[in-house]
Amino acid sequence: MRITVLSGGVGGARFTRGLLALLRDRLPDGRGGTTAEVTVIANTGDDMWLHGVRVCPDLDTLMYTLGGAVHEEQGWGRREESSRVSADLAAYGVGWDWFTLGDLDLATHLARTQWLREGRTLSEATALLSRRWGLAEQGVRLLPMADEPVETHVVVADPEGSGAERTIHFEEWWVRHRAALPALRFVQVGLEDAQAAPGVLAAIASADVVVVPPSNPVVSVSTILAVPGVRAALATTAAPVVGVSPIVGGAPVRGMAAQCLATIGVEATADAVARFYGRRDDAARTGPDAGVLDAWLVDTVDADAAEKLAADGWRAAAAPTLMTDVPTTARIAAEALALVAL
Ligand code: GDP
Ligand code: CA
């Protein structure tokens, strides 16, 4: 079975880890892995240059989570991490002191940057990094959505109150300002010139099922969907597409996704997010607005949202969706697959 996941960072990584546990159980390969092939297409819109190295937050969160190296409570970064280099950089007064690069994490960025400087693509660098973490042995392939740099920037009203607009990198808005500066809009710099990375469109076309995990709908999943060819591949694939709501009880489970949704005028509810993604069979939506889902899983606290969607012809269901540990997350993945009869 081939499963393709369109993922951001923490939400998508935790979901994929649970999905892999489910597949090891259902489709074991006899060597502790699974015969299923999981392809994770990662958002790279959060990527940036920092202190001369290329940082890819969502790719790294996926790699560390699936590789067993993630800082579990934090959800991202390495466990047993230290920050001596960041502290020393701060002493020089350089860089972004609000964005800590852990010492072990820095090794990842240095290795990636060296490979990029040697002329390798981000896909190639990602494959080289993934080798160390045994992703292939687990039956998972990690792909950046595109090899060309694409960066999400946020247009905000000047915090000094001049009335002018100012554009900052997404990570500056998210990490430094905790998404508290009212965002006017998001801009994906470099997107028009980007192409889906090798394997991305084929992974959607040849999948048995495509999963939209509980990732940020605006700055994680929509960025992937905006890569030229991705929406069209989703429109034409024979695979069903099933999503899991990142919004539970009217708020994101963690993080500031509500501010992102507000910026694009979407209510932070489980059913509004489904309608934002749209249904693949909705003939009224075409082109860049084409719907992407066949089915939608919401949390049990949002059972009414599932009912409303079902009344409008959606394939929707409610189940517990809090990814508290790996076995629980495996059950969430099972519920999502069951919605599309897998
Ligand atoms: P990021 O790139 O690290 O922000 O991570 P993602 O884009 O992959 O996912 C962020 C989203 O995951 C947030 O909107 C959260 O609401 C959602 N999320 C995190 N943990 C859970 C959980 O346990 N259950 C559900 N349903 N959503 C979650
Ligand atoms: Ca992210």
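Given the structure is predicted, the values throughout are model-derived calculations rather than measurements.

Cut-off values and rules
- Once a new chain begins, its residue numbering starts again from 1 and follows that chain's sequence as written.
- Labels are handed out in written order, letters beginning with A for the chains and numbers beginning with 1 for the ligands.
- Residues qualify for local features only when their pLDDT is at least 70, as the model is predicted, and side-chain atom pairs are given and counted only at 80 or more; totals for whole chains, interfaces and linings, by contrast, use all residues.
- The basis for every side-chain value is the complete set of non-hydrogen atoms in the structure, without hydrogens or water.
- Only strands joined by at least two bridges in the DSSP assignment are considered to pair.
- Put simply, DSSP marks the helices as runs of H or I at least four residues long and the strands as runs of E at least two long, and each gets a number from the N terminus on.
- With axes taken as lines fitted to C-alpha atoms, and helix axes fitted only over the stretch in contact, angles between N-to-C directions fall between 0 and 180 degrees.
- The contact criterion used is simple: two residues touch if any of their non-hydrogen atoms lie within 4.5 Å.
- The salt bridge criterion pairs a side-chain nitrogen of Lys or Arg with a carboxyl oxygen of Asp or Glu, the two atoms within 4 Å.
- Per-residue accessibility, obtained with a 1.4 Å probe over protein chains only, is compared with the maximum for each type, and a residue is labelled buried under 20%, exposed over 50%, and partly exposed between these values.
- Listed donor atoms are N, O and S within 2.8 Å of the metal (Na, K and Ca: 3.2 Å). As water is not included, a site may look incomplete.

A. Quick look at the sheet that holds strand S9 (residues 209-212). The sheet built from seven strands is open, its strands ordered S5-S2-S1-S9-S10-S13-S14 with parallel pairing. With one partner strand each, in any of the chains shown, strand S5 (140-144) and strand S14 (315-319) form the two edges of the open sheet. Ignoring which end each strand starts from, the neighbouring axes of this sheet average 20° apart. Looking at chain direction, strand S1 (residues 2-7) and strand S2 (residues 37-42) are connected through six bridges and run parallel. Opposite valine 5, over in S2, you have valine 40 as the bridge partner. Where helix H8 (residues 217-225) meets the sheet, it contacts S1, S2 and S9, and its direction lies at approximately 120° from that of S1.

B. Looking closely at the pattern of salt bridges. The final tally for this structure, using the stated rule, is 13 salt bridges. The residue aspartate 271 makes a salt bridge to lysine 308 at a minimum N-O spacing of 3.5 Å. Within this pair, whereas aspartate 271 is found in helix H11 (residues 270-277), its partner lysine 308 is found in helix H12 (residues 303-311), the two being separated by 37 residues in sequence. Residue aspartate 271 is classed as buried on the basis of its relative accessible area of 10%. What makes lysine 308 partly exposed here is its relative accessible area of 45%.

C. View of the coordination of the calcium ion (ligand 2). Distances from the calcium ion (ligand 2) to its protein donors, Asp46 (OD), Asp58 (OD) and Asp58 (OD), fall within 2.1 to 2.7 Å. One end of the pair, aspartate 46, is in the loop between S2 and strand S3 (48-50); the other, aspartate 58, is in helix H2 (residues 57-66), and twelve residues separate them in sequence. As far as the burial class goes, aspartate 46 and aspartate 58 line up, both buried.

What is shown is where atoms sit, not what they do.
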